[in-house]
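In case you want the letters, here they are:
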Amino acid sequence: MTITIYDISQKAGVSIATVSRVINGSGNVRPSTQQKVMDIIKEYDYVPNAFARGMGLNSIKTVGILCADSSDLYLAKAVYLLEQELQANGYEALLCCTGYNLDIRKNYLNLLLSKKVDSIILVGSNFIAPTEIENAYIADAAQQVPIMLLNAAYHYSNVYSTVCDEHAAMYEAAAAMIDSGIRDVIYIYNSDSYSGTRKRRGVQDAMKERGIADFSKYIYRYNGKPDVLSDITDFVAQIADSGITFHGVIASEDSLAIGCMKYAQRRGLRVPEDLSVIGCNNSILTDCCTPELTSVDNRLETLAHQLVQTMLCVIAGEEMPTKAVFSGRLVKRGTTLF
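### Let's talk about the sheet that holds strand S5 (residues 159–165)
1) Next: Taken together, the six strands give an open sheet; going across it, the order is S2-S1-S3-S4-S5-S11, and neighbouring strands pair in parallel fashion. The sheet terminates laterally at strand S2 (92–97) and strand S11 (323–327), the two strands that pair on one side only. Sheet twist, expressed as the mean angle between neighbouring strand axes with direction ignored, is 15°.
2) Next: Note that strand S3 (residues 119–123) and strand S4 (residues 147–150) share four bridges and pair parallel. Across the sheet, isoleucine 121 pairs through a bridge with methionine 148, a residue of S4.
3) Next: The sheet strands contacting helix H5 (residues 73–88) are strand S1 (62–67), S2, S3 and S4, and the helix crosses S1 at an angle near 175°.

Right, dumping it as structure tokens:
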């Protein structure tokens, strides 16, 4: 029977970090707890592998990063920021771009585990599926190395989540637009991921609490590619041609918001006088249009910094919160009047 550091922690009734401190002799462990852990290690003839040693003084200083799509502006920036943070702390990164196929993700995760990395970072909320069966491979990996989630949440031992409260941020954005007098607001989104769902619910809650009847008819899912602006423009035109009147648009991504602005240009509408627009992610796209785009800043730089700091503490054997939540903020620019 092969026993892991996770098994030791379970049998001893302590955290993986505590087992790591015992293995590495780093102190800060009660003598009774240390003896309990050592007894289990001796009973099962446990020999610390590269991962276990990596959690202490002999870290191999390498972290795996899984990213679904490096062409996505948000994900690409996230990977860049994470690599900068890792390099600043003496770590190297192994990057795997997985796409969205579950089997491919599993294969890449297993590949990183075979490289004996100190930790694995999953970038973006699309890695967390709605069912436990689909998430089982992440739980299994967490028995070997700390799993760090950027802007996603999954409650499991040795999994650490760093997220933006996008529900509150999008609620604030929708409330600001509605309270400015624009009650016929549509919301366009393109994902049902953890992040996408929380964004949508924030907008819906703001609409509902402000008495907008049948608010569900103002919510639209765009299923095309987020970087094909002509398709987004056509999508918004179809909404307008269906008989829905709107003077405000909130989008789950900045690229969708830019498509809405191109729709306004096509129809001869003035932004923001005839159509107010709010995006999300506060990406470089906000400065690449006229007028500049009002957008929700989900604090990506802060998230990346906090995630790496949490990871370093976990590797060092320190007890850390399993979830860190940061507030977003609405950055007001020229596409809104309020």
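### Let's talk about the packing of helix H6 (residues 102–114) against helix H7 (residues 132–141)
1) Next: In contact at an axis separation of 10 Å, H6 and H7 are set at 5° when each is read in the N-to-C sense. With respect to their mutual orientation, H6 and H7 come out roughly parallel. Contacts between H6 and H7 involve Leu102, Arg105, Lys106, Leu109 and Leu113 from the first element and Glu134, Tyr137, Ile138 and Ala141 from the second.
2) Next: Residue composition of the contact of H6 with H7, by class: six nonpolar, no polar and three charged.

### Things to note about the nonpolar core
1) Next: One finds Ile186, Ile188, Met207, Ile239, Phe246, Ile250 and Val277 to be the most contacted residues of the largest nonpolar core, which totals 48 residues.
2) Next: Those elements giving two or more residues to this core turn out to be helix H8 (166–179), strand S6 (185–189), helix H9 (194–209), strand S7 (219–221), helix H10 (229–241), strand S8 (248–251), helix H11 (254–267) and strand S9 (276–280).
3) Next: Leaving out residues up to four positions away in the same chain, methionine 207 has contacts with Ile178, Val185, Ile212, Phe215, Tyr218 and Ile219.
4) Next: Of all hydrophobic cores here, the second largest spans 29 residues; its members include Ala78, Cys164, Leu300 and Val308.

Cut-offs applied
Residues numbered from 1 in each chain as written. Predicted model: local features only at pLDDT ≥ 70, side-chain atom pairs only at ≥ 80, totals over all residues. Heavy atoms only, no water. Pairing = 2+ DSSP bridges. Helix = DSSP H or I, 4+ residues; strand = E, 2+ residues; numbered from the N terminus. Axes fitted to C-alpha atoms, helices over the stretch in contact; angles between N-to-C directions. Contact = heavy atoms within 4.5 Å. Parallel < 35°, antiparallel > 145°, perpendicular 65-115°, else oblique. Nonpolar A, V, L, I, M, F, W, Y, C, P; charged D, E, K, R; others polar. Core = buried A, V, L, I, M, F, W, Y, C linked by side-chain atoms within 4.5 Å. Buried < 20%, exposed > 50% of the residue type's maximum accessible area, 1.4 Å probe, protein only.

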